[in-house]
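So you can see what is in the structure, the chains are spelled out below.
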Amino acid sequence: MKLALIGFGTVGRGTYDILKARENILKDTVGGLEIAYIVASDRSAERLGKELPEKVVTAKDYDAVLEEVDIVAEATGAMDMAYDYMKRALEAGVAVVTANKAAVSAHFEELNGIAEEKDVPFLFEAAVGGGIPVLTPLRGLCLENEIESVQGILNGTCNYLINAMFKEGAEYDATLKLCQELGYAEQDPTDDVEGFDTRRKLHLLIEMAFGHVDGDAIPTRGIAQLNGDIVSFLNEKGQKVKLVASAKPVEDGIEAVVEPVILDAADSLAILPDAINQVNVKGSFVGDLAFTGPGAGKEPTGNAVVADIISAATKSAMPLLKRGVKKLAPVKGRYLVAKKLSGDVAEREEGDFTITREISREELLSLIDKDTFFARIESQSL
Ligand SMILES: NC(=O)c1ccc[n+]([C@@H]2O[C@H](COP(=O)([O-])OP(=O)(O)OC[C@H]3O[C@@H](n4cnc5c(N)ncnc54)[C@H](OP(=O)(O)O)[C@@H]3O)[C@@H](O)[C@H]2O)c1
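Remember, it's a predicted structure, so these values are computed and weren't measured experimentally. (Residues numbered from 1 in each chain as written. Predicted model: local features only at pLDDT ≥ 70, side-chain atom pairs only at ≥ 80, totals over all residues. Heavy atoms only, no water.)

## Let's talk about the UniProt feature "domain: Homoserine dehydrogenase catalytic" (unreviewed entry) in the protein chain
What UniProt calls "domain: Homoserine dehydrogenase catalytic" (unreviewed entry) maps, in this numbering, to residues 133-310. Secondary structure content for residues 133-310 is 42% helix and 26% strand, and the end C-alpha separation is 13 Å. (UniProt positions renumbered as here; feature names shortened; annotations may be inferred. Helix = DSSP H or I, 4+ residues; strand = E, 2+ residues; numbered from the N terminus.)

Set out below in structure tokens:
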């Protein structure tokens, strides 16, 4: 089997290193995976051409690459270019493997449709939970079970930042700065802390588990409103808050949301350390499952890409169950709100905080401004 690696940054390099390190094993099992081309950016092609023994080309040579290879592994982090690379490969009957959650979330329906029409693998395990094998088992679980819920922590930056705030009792801005210095947060952290990265991954989980929804319409709130007062309040009560992605089928569609959630301090999501990710899946027959591991990193993510390459090479991915278009249902819950709320929504007040009765998220948003912290309560004891 011949392969082209597109993008040679963190994930591309991790993928390359694993393919090289496991070359003999893959020869004996899969029949060999030859890296025929590296497709690099115009900026890096010359440098990589001197460094690597493989043929290093750029986008202008892509048609010729597609004529020769069986699989492309896309790891650019680009948006429009990545979509173009993937679409052209699938249309040419070449299998596509990608780590690119943004491009897959934005174009899932179209790309998956082409893959089905052409009967070629289109796999993106690395796009959700980095190194955690979750989409691969989820495909199979969907054939054996009705999926009753998926829930998880899908962003290592937020998990690390929240853990640091609870440990140090520090304020949000100071902790974010520390995370940036340690390399756990980007210089522009918006995508992570506002929950958009988590939303894309939840979208892909929903596409696998429940059907097609408009990913951009999934209600999303990040952690930027968290502060030291909220952390102290929750610490005193033995509670923790995490940025949680959840989705479950309800009568009128799929209830899906990304928002801060209050958990008992011993909950498996509450104790999740560092930048680790976890996805909990509940199946009608199998029951509760938890998939935990490194949500990012060169080798863990490269491992997920290589796993998909092997599936594509052996055509061994489980079929994807088709379930059509689903409506997003209104989200409701009990909430902790960092504000005194008048009217009948309050179940009780504690200091400057309100604990609401079960209300719709939309009603809650109409009562607060964009800077007010709120979190859905899942803890049994608040
Ligand atoms: N890093 C992780 O742990 C992780 C985990 C899960 C998923 N992902 C996803 O994996 C993808 C890659 O992430 P990364 O961390 O590896 O990014 P990265 O380190 O920035 O690497 C991206 C690479 O793609 C190259 N590139 C950019 N545009 C290109 C183009 N049009 N054609 C060919 N090559 C191009 C870049 O070249 P230049 O350097 O010359 O621009 C760079 O070598 C992203 O979609 C990301 O969301 C990453």
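Read on, since the account is not over.
## Describing the UniProt feature "binding site: NADPH" (unreviewed entry) in the protein chain
On the UniProt side, "binding site: NADPH" (unreviewed entry) is annotated at positions that read Lys101 here. Within the secondary structure, Lys101 is located in helix α6 (residues 101-118). Ignoring sequence-local partners within four residues, the contact set of Lys101 consists of Ala127, Asp197, Arg200, Lys201 and Leu204. (Contact = heavy atoms within 4.5 Å.)

## Considering the environment of Ala290
As for its placement among the helices and strands, Ala290 is situated in strand β11 (residues 287-294). It is 9.1 Å that separates the C-alpha atoms of Ala290 and Ser268, two residues lying 22 residues apart in sequence. The residues touching Ala290, leaving out its near neighbours within four places in the chain, are Gln278, Val279 and Asn280.

## Topic: the nonpolar core
A general trend in soluble globular proteins is that nonpolar side chains are found buried together. Formed by 84 residues in total, the largest nonpolar core has its most connected members in Val72 and Phe122. Of the residues that make up this core, three or more belong to each of domain 1 (2-130 + 307-314) and domain 2 (135-291 + 330-377). Residues within four places of Phe122 in sequence aside, it is in contact with Met86, Leu90, Val96, Thr98, Val104, Phe108, Leu111, Asn112, Ala115 and Arg139. Grouped together as the second largest cluster of nonpolar side chains are 31 residues, Leu33, Val56, Val97 and Val305 included. (Core = buried A, V, L, I, M, F, W, Y, C linked by side-chain atoms within 4.5 Å. Buried < 20%, exposed > 50% of the residue type's maximum accessible area, 1.4 Å probe, protein only. Domains from an automatic or database assignment.)

## Section: the pattern of salt bridges
This structure, assessed with the given rule, holds 23 salt bridges. The closest approach of N and O atoms between Asp17 and Lys298, which form a salt bridge, is 2.9 Å. Taken together, the positions of Asp17 in helix α1 (residues 10-21) and Lys298 in helix α13 (residues 298-314) put the pair 281 residues apart, joining distant regions of the chain. Taking relative accessible area as the criterion, Asp17 reaches 29% and is therefore assigned partly exposed. Note that Lys322 and Glu116 form a salt bridge whose closest N and O atoms lie 3.2 Å from each other. In this pair, Lys322 sits in the loop between α13 and β12 (332-333) while Glu116 sits in helix α6, placing the two residues 206 residues apart along the sequence. What makes Lys322 exposed here is its relative accessible area of 63%. On the basis of relative accessible area, Glu116 is assigned to the partly exposed category, the value being 34%. In this structure, a network of salt bridges that share partners links the residues Lys237, Arg334, Glu347, Arg348 and Glu350. (Salt bridge = Lys/Arg side-chain N within 4 Å of Asp/Glu carboxyl O.)

## Quick word on the pairing of strand β14 (residues 346-350)
Pairing analysis gives four bridges linking β14 to strand β15 (residues 353-356), with the strands arranged antiparallel. When the bridges of β15 are listed, Ala346 appears paired with Thr356. The turn linking β14 back onto β15 is made up of two residues, and Gly351 within it adopts a positive phi angle of 60°. (Pairing = 2+ DSSP bridges.)

## A word on the sheet that holds strand β3 (residues 55-57)
Read from one edge to the other, the open sheet built from six strands follows the order β3-β2-β1-β4-β5-β6, with strand pairing classed as parallel. The open sheet has two free edges, formed respectively by β3 and β6 (122-123), since each of these has just one partner strand. The pairing of strand β5 (residues 95-98) with β6 spans two bridges and is parallel. In the sheet register, Val96 faces β6, and the bridge partner there is Phe122.

## Some words on the site of the ligand
Around the ligand sit 22 residues in total, of which Ser41, Arg43, Ser44, Tyr85 and Gly297 are the nearest. One of the backbone N or O atoms of Phe8 is found 3.5 Å from an oxygen atom in the ligand. Between the ligand and the protein, one listed contact pairs an oxygen atom with a backbone N or O atom of Gly9 at 3.2 Å. Coverage of the ligand by the protein chains reaches 74% of its 890 Å² of free accessible surface. Of all elements in the fold, only α1 and α5 (80-91) reach the threshold of two or more residues within the shell around the ligand. When the residues that make up the shell around the ligand are grouped by side-chain class, the tally is ten nonpolar, ten polar and two charged. (Near = heavy atom within 4 Å. Polar contact = N/O pair within 3.5 Å; in protein donor to acceptor, adjacent residues only side chain to side chain. Areas by Shrake-Rupley, 256 points an atom, 1.4 Å probe, with all protein chains shown as cover. Nonpolar A, V, L, I, M, F, W, Y, C, P; charged D, E, K, R; others polar.)

## Brief notes about the packing of aromatic side chains
One pass over the full model with this rule turns up seven aromatic pairs. With centroids separated by 5.8 Å and ring planes inclined at 80°, the aromatic side chains of Phe108 and Phe124 adopt a geometry described as edge-to-face. Separated by 16 residues along the polypeptide, Phe108 in helix α6 and Phe124 in the loop between β6 and α7 (135-144) bring together distant segments of the chain. Classification of Phe108 by relative accessible area gives buried; the value is 4%. Residue Phe124 is classed as buried on the basis of its relative accessible area, which comes to 2%. Ring-pair connections join several aromatic residues into one group, and the members of that group are Phe108, Phe122 and Phe124. (Phe/Tyr/Trp six-rings, centres within 6.5 Å; stacked < 30°, edge-to-face > 60°.)

## Topic: unusual backbone geometry
Residue Asp119 is not a glycine yet carries a positive backbone phi of 55°. Looking at the secondary structure, you find Asp119 in the loop between α6 and β6.

## Quick look at the domain arrangement of the protein chain
By the assigned domains, the protein chain splits into domain 1 (2-130 + 307-314) and domain 2 (135-291 + 330-377). The centre of domain 1, based on its C-alpha atoms, is set 32 Å off from the matching centre of domain 2. Taken residue by residue, the interface counts 14 residues in domain 1 and 15 residues in domain 2. Between domain 1 and domain 2 lies a buried interface of about 1,300 Å² when both sides are counted; carbon and sulfur atoms form 68% of it. The interface formed by domain 1 and domain 2 contains one salt bridge. One salt bridge connects Lys101 with Asp197, and the closest N-O pair in it is separated by 3.6 Å. Taken together, the connections running from domain 1 to domain 2 amount to four residue pairs in polar contact (both at pLDDT 80 or more). No other element matches α6, which puts six residues into the side of domain 1 that touches domain 2. Taken together, the residues of the side of domain 1 that touches domain 2 break down into eight nonpolar, two polar and four charged. (Buried area = accessible area lost by both parts, 1.4 Å probe.)

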